[in-house]
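Given next are the chains, with one letter for each unit.
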Amino acid sequence: MLLRGMAFLLVLAQAQDREERGVYKLSADGRPAGSEEWRLETFDDGKTVLFAKAKFEIEIPGSARRAYVTDTVLTMDKAFAPALYAGYRKAGRDEDQVKIQWEKGTAISGAKKIRTSAAFLLDSTVTAHLIPILRQAGPGKKKIRLFNPTALDDFEGSVEDRGEVILRGGDKAVRVRRLLPVAGGYEFG
């Protein structure tokens with residue numbers, strides 16, 4: 001009995017190919033705003049699942065600070081195209097939940113069926129959703145179609161690969177690739 005349980009755990013461990021995780025410190029207008037925890041799992045069947053939870057506050061012009069909480073799960077295919085999305089968002093007193101499934105160029109959310117040509121999903125309140133988009137970026141500047149899970153619609157964005165740079169701090173230097181994503185008029189950096 002114990003041997004079967006151990007074999008089962010071994011199979012589960014082998015089914016997962018790769019896992020990455022991290023925490024982003026979020027800022028708005030140069031001031032700390034909160035944080036986002038994320039986990040990206042890639043499986044042997046080629047599917048990738050991105051989990052992201054964020055809690056932050058931003059100041060709305062002409063208003064008080066507004067608290068946000070997001071919790072999302074995005075399942076993607078080998079090319080990082082969305083296959084299934086579930087998201088919860090609370091902005092101040094407003095709350096919403098959305099579940100979207102993709103089938104042959106159609107995003108299905110409840111009774112709504114939306115034709116889409118978007119290559120990626122981007123929830124603008126989740127920084128980690130940029131990870132798959134940036135991993136597919138090539139040299140130069142590219143226009144991309146993105147799907148907004150809140151508006152249930154496509155929108156235009158772009159990614160610009162600005163090449164390698166060296167970040168220096170103290171006695172260490174790290175070579176990184178500098179990418180500038182722009183979505184709906186907002187630059188992320």
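It should be noted that the structure appears before, not after, this text.
Chains are numbered independently. Their residues run from 1 in the order of the written sequence. Given that this is a predicted model, residues contribute local features only at a pLDDT of at least 70 and side-chain atom pairs are listed and counted only at 80 or more, while totals for whole chains, interfaces and linings are drawn from all residues. Here the side-chain values reflect all heavy atoms present in the structure, with hydrogen atoms and water set aside.

A few words now on the overall build of the protein. A run of H or I in DSSP becomes a helix once it reaches four residues, and a run of E becomes a strand once it reaches two; helices and strands are each numbered from the N terminus. The secondary structure content of the protein amounts to two helices and 13 strands. Accessible area is worked out with a 1.4 Å probe on protein chains only. A residue is then buried under 20% of its type maximum, exposed over 50%, and partly exposed in between. The burial tally for the protein puts 34% of its 189 residues in the buried class. Look at the contacts in the protein between residues 6 or more apart in sequence, and 37% of them connect residues 24 or more apart. We get accessible surface area from the Shrake-Rupley algorithm with a probe of 1.4 Å; when it comes to residues, only the shown protein chains can shield them. By element, 54% of the accessible surface of the protein is carried by carbon and sulfur atoms, the whole surface being about 12300 Å². Whether two residues are in contact is decided by their heavy atoms, any of which lying within 4.5 Å being enough.

Here, a salt bridge means any side-chain nitrogen of Lys or Arg that lies within 4 Å of a carboxyl oxygen of Asp or Glu. The tally for this structure, following the rule as stated, stands at 12 salt bridges. Residue Arg-89 is joined to Asp-96 by a salt bridge in which the shortest nitrogen-to-oxygen separation is 3.6 Å. The salt bridge involving Asp-123 is made with Arg-89; its shortest N-O contact spans 2.8 Å. Residue Asp-123 is found in the loop between β9 (120–121) and α2 (130–135), and its partner Arg-89 is found in strand β5 (residues 82–91); the two are separated by 34 residues along the sequence. With a relative accessible area of 2%, Asp-123 lands in the buried category. Here the salt bridges share partners, and the residues they tie into one network are Arg-18, Glu-20 and Arg-135.

Turning next to the nonpolar core. The set of buried Ala, Val, Leu, Ile, Met, Phe, Trp, Tyr and Cys residues whose side-chain atoms join them within 4.5 Å is what this entry labels a nonpolar core. By size, the foremost hydrophobic cluster in this structure holds 30 residues, and its most contacted members are Ile-100 and Phe-147. For this core, the elements supplying multiple residues, two or more each, are β2 (31–43), β3 (48–59), β4 (65–76), β6 (94–103), β9, α2, β10 (140–148) and β11 (153–169). The greatest single-element share of this core, amounting to four residues, is contributed by α2. Filtering out sequence-adjacent residues up to four positions away, Ile-100 remains in contact with Ala-83, Leu-84, Tyr-85, Ala-107, Ile-108, Ser-109, Phe-147, Pro-149 and Leu-152. The next biggest cluster of nonpolar side chains, apart from the first, holds six residues, and it includes Ala-54, Phe-56, Tyr-68 and Ala-91.

Strand pairing follows a simple DSSP-based rule, namely that at least 2 bridges must link the two strands. As paired strands, β2 and β3 are joined by nine bridges and run antiparallel to one another. Of the residues in β3, the one forming a bridge with Ser-35 is Lys-55. What sits between β2 and β3 in their antiparallel hairpin is a turn of four residues, with Gly-46 showing a positive phi close to 95°. In this structure, β3 lies alongside β4, joined through 12 bridges in antiparallel fashion. In the strand pairing of β4, Ala-54 is matched with Thr-70. The loop that links β3 with its antiparallel partner β4 comprises five residues; one of these, Gly-62, has a positive phi angle of about 75°.

So, on to the packing of aromatic side chains. When two rings of Phe, Tyr or Trp (its six-membered ring) have centres within 6.5 Å they constitute a pair, described as stacked for plane angles under 30 degrees, edge-to-face for angles over 60, and tilted for the intermediate range. By the definition in use, this model includes three aromatic pairs. Their ring planes at 5° and their centres at 5.0 Å tell us that Phe-56 and Tyr-68 sit as a pair that is stacked. With Phe-56 in strand β3 and Tyr-68 in strand β4, this pair connects stretches of sequence that are 12 residues apart. For the pair Phe-56 and Tyr-68, one class covers both residues: buried. The criterion is that NZ of a Lys, or CZ of an Arg, lies within 6 Å of the ring centre and within 35 degrees of the ring normal, and then a charge sits over that ring. One residue, Arg-39, lies across the ring of Phe-51, its end atom 4.0 Å from the ring centre.

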